[in-house]
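Chain residues, written in single-letter form:
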Amino acid sequence: MNTLLLSAADPETPELAAEILRRGGLVAIPTETVYGLGADGLNPAAVAKIFEAKGRPGDNPLILHITGAEQLELYCHDIPPAAYTLAERFWPGPLTMVLPAKSCVPKRTTGGLSTVAMRCPRSLITRQIIGLTGSPIAAPSANLSGKPSTTTAQHVLHDHDGKIDAVVDGGPCSVGVESTIVDLTEERPRLLRPGGVTPEALLEVLGDLVIDKAVTAQIDRDAVVKAPGMKYRHYAPQEPVVIVSGSRERAAAYIRAHFVPGDRVLCFEEELPLYGGCNPLAYGREADVSTLSAGLFSALRILDDPAVHKVYARCPVGGGVAYAVQNRLKKAAAFHIIDPEVEP
Ligand code: TXA
Ligand code: MG
């Protein structure tokens, strides 16, 4: 199959992409978070192709992308008022809400669950494509399953060239980590995955928020979890990643003492001078966390190289968007964190 690379600047792209989706094809779409691998979310045969292309376990449900809160009722029932409040505040944007699914949503899309994850992305062209398709677009992150997410059209081609119908190139994703997921199907709202909409901002609107244990710790493969995707190893390059916590100087002393040729250091731009001779790669500036979230997956992809032996990673501290960066890095590291104060 010849994978078409469609430019978001080409006025014909939305209709071309929608046409492919309407006939059951796969189109990778840009969003502000990461590129998604899209199919008509109401067409089980089309959705099955997503699982096949990604090598994704069938019990891992997909997010349905819609044009706005007015479409929620088409696919969900018993929608709590909080969903509309959140949509009003954060849509279009990097927030996904889990709600009870109507029967028109195929079990193939929900991974057999009775709930469905709903999101309205900020990208205008992607919302145009959804509108022209006349169906919600089911789209997971477009990476091969278990690999770092895709934040450019080139990342998508790297993983899927020749295997999907088209990629819409909307440039690099501005947020760079996947959307915040909040489950609204229980008595208390529950954060299933941190992202660009911060826990602090959610709490301000909702007045209450439970942090699911999958956010903060490694989950067993056979565990029963709220977000099935959380139990699979994620975002990970081929080689082991170890987070080194603590102050800039302490961490650098630890890493320099343990570094062997073939290792790499994933650090903040401000730290580059500390790692001469240690092959450092900066993913953004510690002083501006949005550059870290935007650069993280590109950096993890560069480090996904058989020549790399081990990756020592530096992780931002604190809440806000840093909380999402911590979550992705900890998952890439399978929660392996070294504190040089404790383990000199
Ligand atoms: O930013 C994003 O959310 C990107 C873009 C493309 O929109 N999409 C994305 O999809 O990250 P994916 O499939 O890579 O991650 C979706 C996560 C998975 O962990 C999945 O298990 C969870 O959402 N999920 C989907 N439906 C769910 C549901 N009904 N209940 C609980 N978790 C759900
Ligand atoms: Mg994903």
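Structure: above.
As the structure is a prediction and not an experimental result, all values here were calculated from the model.

1. Topic: the side chain of R314
One can find R314 in the loop between β15 (311-313) and α12 (321-332). At 3.0 Å, the side chain of R314 and the backbone oxygen of G246 are in polar contact.

2. Some details on the sheet that holds strand β1 (residues 4-7)
A sheet is described by the order of its strands in space; here 11 strands give the open sequence β1-β8-β2-β3-β7-β4-β6-β5-β9-β10-β11, paired in mixed fashion. Of all the strands in the sheet, the pair left with one neighbour each is β1 and β11 (210-211). Two elements, strand β10 (residues 190-193) and β11, share two bridges in a ladder whose sense is parallel. Across the sheet, the residue bridging to R190 is V210, located in β11.

3. Observations regarding the sheet that holds β15
With parallel pairing, the five strands of this open sheet are ordered in space as β14-β13-β15-β12-β16. Both edges of this open sheet fall to β14 (280-282) and β16 (337-338), since each of them pairs with a single strand only. Two elements, strand β12 (residues 241-244) and β16, share two bridges in a ladder whose sense is parallel. Within β16, the residue paired with I243 across the bridge is I337. The sheet strands contacting helix α11 (residues 289-303) are β13 (264-267), β14 and β15, and the helix crosses β13 at an angle near 180°. Where α12 meets the sheet, it contacts β12, β13, β15 and β16, and its direction lies at approximately 135° from that of β12.

About the criteria used
- Residue indices begin from 1 for each chain and proceed along its sequence in written order.
- Chain labels run from A onward and ligand labels from 1 onward, assigned in the order the entries are written.
- The model is predicted, so local features are restricted to residues of pLDDT at least 70 and side-chain atom pairs to those at 80 or more, both for listing and for counting; the totals for chains, interfaces and linings are taken over all residues.
- Working from all heavy atoms in the structure, the side-chain values ignore hydrogens and water.
- Helix and strand labels come from DSSP, where a helix needs a run of H or I of at least four residues and a strand needs a run of E of at least two; each type is numbered from the N terminus.
- Between N or O atoms, a polar contact is any pair within 3.5 Å; within protein, one atom must be a potential hydrogen donor and the other a potential acceptor, and residues adjacent in sequence are included only when both atoms are from side chains.
- Here the rule is simple: two strands pair whenever DSSP picks up at least two bridges between them.
- In this analysis, two residues are considered to be in contact whenever any of their non-hydrogen atoms come within 4.5 Å of each other.
- Note on geometry: axes are C-alpha line fits, over the in-contact stretch for helices, and angles between N-to-C directions span 0 to 180 degrees.

Read these as layout, nothing more, since geometry by itself doesn't imply function.
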